[in-house]
Amino acid sequence: MPMYYDNNNRFTYPARHFFKHFTNVAACLKPGLIFLTGHPFVLALIFAIAMMGVCPLSHAQSREAQIIERSVQAYGGEHLLTMPGLIVNERFSHYSQWLSGDARQGSMVTYLSELQNDYRIDFVGKRKVFKQANSRRVGSHGSDVPEVLHRLSVSDQGTSVDHALKRYQPGSRITFDNTTLGFEAMLDTLVVRKLAQHKQTSQWQGEAYIAGVPHDVIIAPLDNNPETKHTLYLNQHSGLLSRMMTEQQGQKRFYDFMVHRTTQAVYWASEVLVSTAQGPQYHSKSRTVKVARPAEQSFHIPAGYQRAPEVRPYDVSKLTVRALADGVYFVGQDWGYTLFIDTGEYLVSAGTWQMNQQAGAWAKALAELRQSKALDKPVKYHIVTHHHTDHLRGLADTVAEHTTLLVHPADSSAVADELGTQVKIEPIPASYTLAGGKIRLLDVPNSHAAHNLVVYLPESQILLTEDMFGSSFEHALHSPARWPDLDTYYRLDALVDRLTQQGIKVAQYVSSHHGRVLTQADIDRAMAMPRTARTVLLKRLFASQ
């Protein structure tokens, strides 16, 4: 049969030949069509087979799904997805930038802490337990006693355990997802296990090379939080996760996973580095991983521990002015409070704190005091208690008041570096007294600050402790092993020793970081709290593992 071509070189059939050809084909298909019409279930079966795999387009996975599936297989496949539980024990070096203990060091120094983590996950029972001992090795601290954490999530009920005071407290903020405080993100095995659930919502971003090896770059919504972006770098050769980057509010953190090992067919990185653009944050020193359902005892509260009483936070949400005595005012809100003393002709202030230069906390406190108490007296002196920048930032507001700063000679250079030459700085008087003895200063050296001035008012027996001690609760006190610093109670011991040496009696204790005013009974109760030794505390924490 001859073929014909149109102007575009496409072959065509004459119409009569086309219809003749179609008639012949239909005649051949007619018996089969009649059979299918009489047997509709056969037609349905053929359609199902086509959907399941006869047609390759019907089951082709996306590129992202193929890459993720390759990684899941690399980490153990079904062994990864169906493991009953996981037991992880690890040690990290933790690096951070924080306030120096001595003004001669400058304002900020590098802190080094050692973290010992033990966490256990029961995937079958949906339970988790997390234990951590945080020991500071380099930084401003006065004790080797670690800060310890013990968190449980069992049957959708969160619980925290205090091993210093041998008690426990249910906590609604502790959930199955946040029990380990983000340390699960440092184990690539759990990252890839979670990634397996996000094949459909992940996006391939291209390729990148790590150590000369090509990697697929995938963005995946691992925590279902639109404010957090997870970028994963998956090795094209091995399928293993080499790096993860998280980004939240413009802040990026990098997780680099190295030296992979296998346990019961499940792969995991024995070494991890967590860092930012500013430098390292965590580096693993050792890690062991066991694939097993944790023992029942792991989720029990230690025998003999009592339930802690309910605690309520002290309300610091509003800017308040409180008269502690005649002419003595405690003013502030949130995390910053100032003590103002009316000496007759002028005011003296002490204590100031703010997060940034623009906060104006001291100026707002003074304005509120003047308005509420009709005080129009100048602030002649402000007492700078120590050299830390969070307490120096608010001093710029004193310039408008022409206030003279009283500073310990060892801290004068730090104040000048922060404020420049536009402020008036004077060393504290040799007698350590002001306003004819109405105000007395004591230097209480400690590891937090080499020179720490506390302010004592003899007539009213009021003491401003600044950073030495305080409480954020209405009635309770913080645990010696948990908050807000590794050696808060060490500082309290140093303060009480100094007061005892000087024969000073105190009726009211105030802090620039706490709205609550403490009594001597509160301090006595704090001093009676056990100072548990390091070895005892660690034994209690890890005894049940």
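If you're wondering where the values come from, they're calculated on a predicted model, not measured in any experiment.

Caption draft 1: Structural context of unusual backbone geometry. One non-glycine residue, K126, adopts positive backbone phi at about 50°. One can find K126 in the loop between β4 (108-122) and β5 (127-138). Overall, K126 belongs to the partly exposed group, its relative accessible area being 46%. Positive phi, normally seen in glycine, also occurs at A435, with a value near 50°. Inspection of the secondary structure assignment puts A435 in the loop between β24 (433-434) and β25 (439-443). Residue A435 is classed as partly exposed on the basis of its relative accessible area, which comes to 22%.

Caption draft 2: Up close: the packing of aromatic side chains. Tallying each qualifying case throughout the model produces 9 aromatic pairs. Ring centres 5.8 Å apart and planes at 25° place the aromatic pair F130 and F183 in the stacked group. One end of the pair, F130, is in strand β5; the other, F183, is in the loop between β8 (167-170) and α5 (188-195), and 53 residues separate them in sequence. Of the two residues, F130 and F183, both sit in the buried class. Through pairs of rings, three or more aromatic residues link up here, namely F92, Y119, F130, F183 and Y282. Directly above the ring of W204 sits R63, whose terminal nitrogen or CZ lies 3.6 Å from the centroid.

Caption draft 3: Region of the structure containing the sheet that holds β24. In space, the 6 strands of this open sheet follow the order β24-β25-β26-β27-β28-β29, with mixed pairing throughout. The open sheet has two free edges, formed respectively by β24 and β29 (514-519), since each of these has just one partner strand. Pairing geometry for strand β26 (residues 453-457) and strand β27 (residues 462-464), over 3 bridges, is antiparallel. Bridge pairing in β27 places L457 opposite I462. Set on the sheet, helix α10 (residues 520-528) makes contact with β28 (508-511) and β29; between it and β29 the angle comes to about 90°.

Caption draft 4: Broad picture of the pairing of β4. Where burial is concerned, most of β4 is hidden: 12 out of the 15 residues are buried. The sheet contact formed by strand β3 (residues 85-99) and β4 spans 15 bridges and is antiparallel. Opposite S96, over in β4, you have Y111 as the bridge partner. One ladder, built from 11 bridges, connects β4 with β5; its direction is antiparallel. The partner of S113 across the bridge, within β5, is R136. Where β4 hands over to β5, the hairpin turn is made up of 4 residues, of which K126 adopts a positive phi near 50°.

Caption draft 5: View of helix α9 (residues 488-502). With 15 residues, α9 should reach 21 Å at 1.5 Å per residue; the first-to-last C-alpha distance of 22 Å fits that figure. Looking at the packing, one finds that the buried side of α9 touches β26, β27, β28 and α10. Backbone geometry just downstream of α9 places G503 in the positive-phi region, at approximately 65°.

Caption draft 6: Expanded view of the sheet that holds strand β17 (residues 320-325). Here 7 strands make up an open sheet; going across it, the order is β17-β18-β19-β20-β21-β22-β23 and the pairing mixed. This sheet does not close on itself; its edge strands, each paired only once, are β17 and β23 (424-427). The mean inter-strand angle of the sheet, taken between neighbouring strand axes irrespective of direction, is 25°. Here 4 bridges tie strand β22 (residues 404-407) to β23, and the two strands are oriented parallel to one another. Note on β23: the bridge partner recorded for T404 is K424. The sheet strands contacting helix α6 (residues 361-373) are β17, β18 (328-333), β19 (336-342), β20 (347-350) and β21 (379-383), and the helix crosses β19 at an angle near 45°. Against the sheet, helix α8 (residues 412-419) engages β22 and β23, with an angle of about 145° to β22.

The rules behind the values
Residues numbered from 1 in each chain as written. Predicted model: local features only at pLDDT ≥ 70, side-chain atom pairs only at ≥ 80, totals over all residues. Heavy atoms only, no water. Helix = DSSP H or I, 4+ residues; strand = E, 2+ residues; numbered from the N terminus. Buried < 20%, exposed > 50% of the residue type's maximum accessible area, 1.4 Å probe, protein only. Phe/Tyr/Trp six-rings, centres within 6.5 Å; stacked < 30°, edge-to-face > 60°. Lys NZ or Arg CZ within 6 Å of the ring centre and 35° of its normal. Pairing = 2+ DSSP bridges. Contact = heavy atoms within 4.5 Å. Axes fitted to C-alpha atoms, helices over the stretch in contact; angles between N-to-C directions. Expected span 1.5 Å × (residues − 1).

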